Amino acid sequence: MSDGGKIMEDFEKIKVTLRFGGDNFPMTFEDWLDINCKMSPIKHMETRYDRNIETKKYLSDFLSGEINWGKELRLHNHDAYHPVFISAPTGAGKNYYLVHNILGSLLDKNMQSKDREQILLFSNRVALGRQTKLDIAKFICEWTGDNRYEKSINTRTDEGLDEVHDFGDIIMYSYQQVVDANIDFSEYNIRYVIFDECHFFTSDAAFNPSTGSILETLMDKFYNVTRLYMSSTMGTTFEPIIRSEVAHYRKTNYASDRADKRLFFSYYNMSRHYDYLKFKSWKTNQDIISEIQKNEDKWLIFVSNKNSGNILKKSIKTSIPNIEVEFITAESKETSIYKEIIKNEKLPSNIRVLITTAVIDNGVNIKDEKVRNIVIDVPDRVEFIQMLVLS
């Protein structure tokens with residue numbers, strides 16, 4: 001087997017069904033990579049699995065020495081032919097790494113160069129986008145002394161913040177916005193594209209039929225720049241992204257005109273450790289209510305739909321009349337409770353139990369020491385992991 005087999009070492013084996021010559025047969029994803037290496041008329045595809053560093057807690061430590069951003073802002077020799085995948089658990093400081101390491105290095109480089117390069121960052125959720133924009137504006141002010149973006153953001157409502165995209169050295173949009181608005185990026189000097197929470201392409205497919213076309217559209221637009229894919233739940237989306245990368249490599253002029261250039265993947269997989277969590281299962285809402293009554297800690301409860309949330313809230317209020325319990329959904333984004341959670345990264349002080357749908361699942365930080373109990377009642381594996389270590 002070629003190096004293609006190594007990329008999935010110590011990683012979940014993804015079973016796929018491929019059709020060649022009219023025959024269906026199941027195979028592991030590394031076998032698919034191997035076959036494509038051999039079948040490719042270009043025969044210039046390489047893959048690499050980078051070692052799993054288990055002793056690091058945060059992404060910035062995990063990638064120290066593995067990916068060198070430095071003043072030249074080079075991921076070793078990463079370019080349009082060398083996409084990078086970073087799989088790190090929720091809580092490993094992915095957003096911190098994105099802002100402080102990647103953006104910080106670019107700011108340093110641009111201050112010393114006349115050829116200003118820019119990062120294009122995609123997010124998958126409104127809440128995540130708002131929070132990241134606040135972090136970016138604050139960081140740029142602290143790093144360079146330029147407070148223009150922070151001052152501008154502080155004068156805007158949350159809805160107004162959704163319309164802010166240009167932060168000078170970094171441009172930020174949601175995946176859906178780029179496709180819906182057909183935005184022209186020719187005025188920018190985009191050098192790096194970061195697909196944050198890239199599991200969007202598969203996890204949202206159940207209710208968003210456009211995720212596949214969004215991936216293809218973005219690949220068409222940005223195949224000539226360095227691409228970085230980041231997620232805490234890379235497993236389900238890794239295969240379709242690789243498929244798209246290979247397909248675009250084959251059909252672009254890069255493959256035919258530059259046969260010396262090889263498609264080369266780097267995959268960085270950070271170990272998951274959940275031994276700090278104590279797991280417990282409940283069968284009924286009353287079991288949860290009984291636990292809530294045992295202490296004064298705050299509770300964060302995820303439910304899969306509105307009906308379940310409404311029933312649970314009513315049950316809690318019936319059993320514990322004096323408790324402050326709230327339920328938020330996608331329709332709650334303009335409420336003061338939702339905005340306070342996003343802004344302060346805490347539950348409002350008067351709320352002891354917050355019931356929520358996936359509206360605050362990924363990318364939203366809750367740094368509330370009083371939230372010591374999380375209940376997750378969702379069937380989706382990706383959502384479950386995103387919710388598990390939210391706080």
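Once a new chain begins, its residue numbering starts again from 1 and follows that chain's sequence as written. The model is predicted, so local features are restricted to residues of pLDDT at least 70 and side-chain atom pairs to those at 80 or more, both for listing and for counting; the totals for chains, interfaces and linings are taken over all residues. With hydrogens and water stripped out, all remaining heavy atoms of the structure feed into the side-chain values.

**Here we look at unusual backbone geometry**
Both trends apply: most residues other than glycine have a negative phi, and most peptide bonds are in trans. Residues other than glycine seldom take positive phi values, yet Glu197 does so here, at roughly 50°. With respect to the element layout, Glu197 can be found in the loop between strand 7 (190–195) and helix 8 (200–203). What counts as a helix is a DSSP run of H or I of at least four residues, what counts as a strand is a run of E of at least two, and both are numbered from the N terminus.

**Overview of the pattern of salt bridges**
For salt bridges, the criterion is a side-chain nitrogen of Lys or Arg within 4 Å of an Asp or Glu carboxyl oxygen. Tallied over the entire structure, the rule returns 15 salt bridges. Notably, a salt bridge pairs Asp204 with Arg125, separated by 2.9 Å at the nearest N-O pair. Here Asp204, found in the loop between helix 8 and helix 9 (211–222), pairs with Arg125, found in the loop between strand 5 (118–123) and helix 4 (126–144); they are 79 residues apart in sequence, far enough to count as distant. Residue class for Asp204 comes out buried when judged on its relative accessible area of 3%. Linking Lys294 and Glu291 is a salt bridge whose minimum nitrogen-to-oxygen distance equals 3.0 Å. Working definition: with a 1.4 Å probe on protein chains only, accessible area under 20% of the residue-type maximum means buried, over 50% means exposed, and in between means partly exposed. Residue class for Glu291 comes out buried when judged on its relative accessible area of 15%.

**Concerning the side chain of Ser231**
Topologically, Ser231 is positioned in strand 8 (residues 226–231). Exposure remark for Ser231: the relative accessible area of 0% places this residue in the buried category. The definition of a polar contact used here is a pair of N or O atoms within 3.5 Å, where within protein one atom must be able to donate a hydrogen and the other to accept one, and adjacent residues in sequence count solely through side-chain atom pairs. Engagement of the side chain of Ser231 in a polar contact is seen with the side chain of His199, the distance being 2.8 Å. Note on definitions: a residue-residue contact is assigned when non-hydrogen atoms from the two residues lie within 4.5 Å. Apart from residues lying up to four places away in sequence, Ser231 is in contact with Ile86, Ser87, Ala88, Lys94, Cys198, His199 and Arg272.

**Quick word on the packing of aromatic side chains**
What characterises a pair of aromatic rings is the spacing of the ring centres plus the angle enclosed by the ring planes. Within 6.5 Å between ring centres, the rings of Phe, Tyr and Trp (the latter by its six-membered ring) count as paired, and their orientation is classed by plane angle as stacked under 30 degrees, edge-to-face over 60, tilted in between. Following the criterion strictly, the structure yields 17 aromatic pairs and no others. A ring pair is formed by Phe122 and Phe222, whose centres lie 6.0 Å apart and whose planes are at 55°; its orientation type is tilted. Taken together, the positions of Phe122 in strand 5 and Phe222 in helix 9 put the pair 100 residues apart, joining distant regions of the chain. Grouping residues by exposure puts Phe122 and Phe222 together as buried. Seen in terms of ring centroids, Phe200 and Phe201 are 5.4 Å apart; in terms of plane orientation they differ by 70°. Their pairing is edge-to-face. Accessibility assignment for this pair places Phe200 and Phe201 in one class, buried. Ring pairing ties together the aromatic residues Phe85, Phe122, Tyr173, Tyr175, Phe185, Tyr188, Phe195, Phe200, Phe201, Phe222, Tyr229 and Phe238, which thus form one cluster.

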